[in-house]
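The primary structure of each chain is shown beneath.
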Amino acid sequence: MAELVLDLAETVAGVGVKTSYGDPVDIDGTTLVPVALGYYGFGAGSGSDGAGDEAGGGGGGGLSIPLGAYVGRSGDVRFEPNLIGLLLVATPLVWVTGKALRMVIRALKR
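Notes on the structure follow. Being a predicted model, the structure only gives us computed values, none of them experimental.

## Describing the overall build of the chain
Of regular secondary structure, the chain possesses 3 helices and 4 strands. The order of α-helices and β-strands along the chain, N terminus first, is α-α-β-β-β-β-α. Considered along the principal axes of its C-alpha atoms, the chain spans approximately 70 × 55 × 20 Å. Counting over 110 residues, the chain shows a buried share of 9%. Taking the intrachain contacts of the chain between residues at least 6 apart in sequence as the baseline, contacts between residues at least 24 apart amount to 40%. Approximately 8,600 Å² of the chain is accessible, and the part contributed by carbon and sulfur atoms is 64%.

Here is the structure:
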């Protein structure tokens, strides 16, 4: 089991900024740097019963939401958003903020 964890850590050690920012792409003098929200998770377990039978398993998954790209033309760099990706990211944030404000307002009314 410990060897599985070490192998997994070695595999994902290179993932970091590359998860959010892709490699720059040059197209006709315009440089594009794609930006995405990326995350992943892993889990594993093992055990045995009273009869000495052992079992184990694991799984993992990830998600990447494209947020937009940095576009550079002749020294001018700007961010061009992917509106659908930004809405997917912003919706939970707005929902949680609304719930928190609701609780604060109710507490202040008492």
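Don't stop here, the text continues.
## Examining unusual backbone geometry
Although it is not a glycine, Asp 28 sits at a positive phi angle of roughly 50°. Inspection of the secondary structure puts Asp 28 in the loop between strand 1 (25-27) and strand 2 (30-48). For Asp 28, a relative accessible area of 81% puts it in the exposed group. Even without glycine at this site, Ser 74 takes up a positive phi of about 45°. You can see Ser 74 is positioned in the loop between strand 3 (54-73) and strand 4 (76-81). Residue classification places Ser 74 among the exposed positions, given a relative accessible area of 78%.

## Side note on the pairing of strand 4
Bridge count between strand 3 and strand 4: 6 bridges; the pairing is antiparallel. Following the sheet pairing, Gly 72 is matched in strand 4 by Val 77. The antiparallel pairing of strand 3 with strand 4 creates a hairpin that spans 2 residues between the two strands, and Ser 74 there sits at a positive phi of about 45°.

## Overview of the side chain of Thr 30
Positionally, Thr 30 belongs in strand 2. Residue Thr 30 is classed as buried on the basis of its relative accessible area, which comes to 15%. Once residues lying within four places of it in the same chain are set aside, the contact partners of Thr 30 are Val 25, Val 71, Gly 72 and Arg 73.

## Remarks on the pairing of strand 2
Relative to strand 2, strand 1 runs antiparallel, the two being bridged by 3 bridges. What sits directly across from Val 25, in strand 2, is Leu 32. If you look at the hairpin formed by strand 1 and strand 2, you'll find 2 residues sitting between the two strands, and Asp 28 has a positive phi there, around 50°. One ladder, built from 19 bridges, connects strand 2 with strand 3; its direction is antiparallel. For Ala 44, the partnering residue across the bridge sits in strand 3 and is Gly 58. In sequence, strand 2 turns back onto strand 3 through a hairpin of 5 residues, with Gly 52 there showing a positive phi of about 90°.

## Observations concerning a positive patch on the surface
The grouping of Lys 99, Arg 102, Arg 106, Lys 109 and Arg 110 at the surface amounts to a positive patch. Looking at the element boundaries, Arg 110 is found in the segment after helix 3 (83-109).

## Focus: the sheet that holds strand 4
Pairing is antiparallel across the open sheet formed by 4 strands, whose spatial order is 1-2-3-4. Two strands lie at the open edges of the sheet, namely strand 1 and strand 4, each paired on one side alone. Pairwise comparison of adjacent strand axes, ignoring direction, gives a mean angle of 30° for this sheet.

Conventions and cut-offs
- Residues numbered from 1 in each chain as written.
- Predicted model: local features only at pLDDT ≥ 70, side-chain atom pairs only at ≥ 80, totals over all residues.
- Heavy atoms only, no water.
- Helix = DSSP H or I, 4+ residues; strand = E, 2+ residues; numbered from the N terminus.
- Buried < 20%, exposed > 50% of the residue type's maximum accessible area, 1.4 Å probe, protein only.
- Contact = heavy atoms within 4.5 Å.
- Areas by Shrake-Rupley, 256 points an atom, 1.4 Å probe, with all protein chains shown as cover.
- Pairing = 2+ DSSP bridges.
- Patch = residues over 30% accessible without salt bridge, like charges linked within 9 Å, V, L, I, M, F, W, Y side chains within 5 Å.
- Salt bridge = Lys/Arg side-chain N within 4 Å of Asp/Glu carboxyl O.
- Lys, Arg positive; Asp, Glu negative; His and termini not counted.
- Charge placed at Lys NZ, Arg CZ, Asp CG, Glu CD.
- Axes fitted to C-alpha atoms, helices over the stretch in contact; angles between N-to-C directions.

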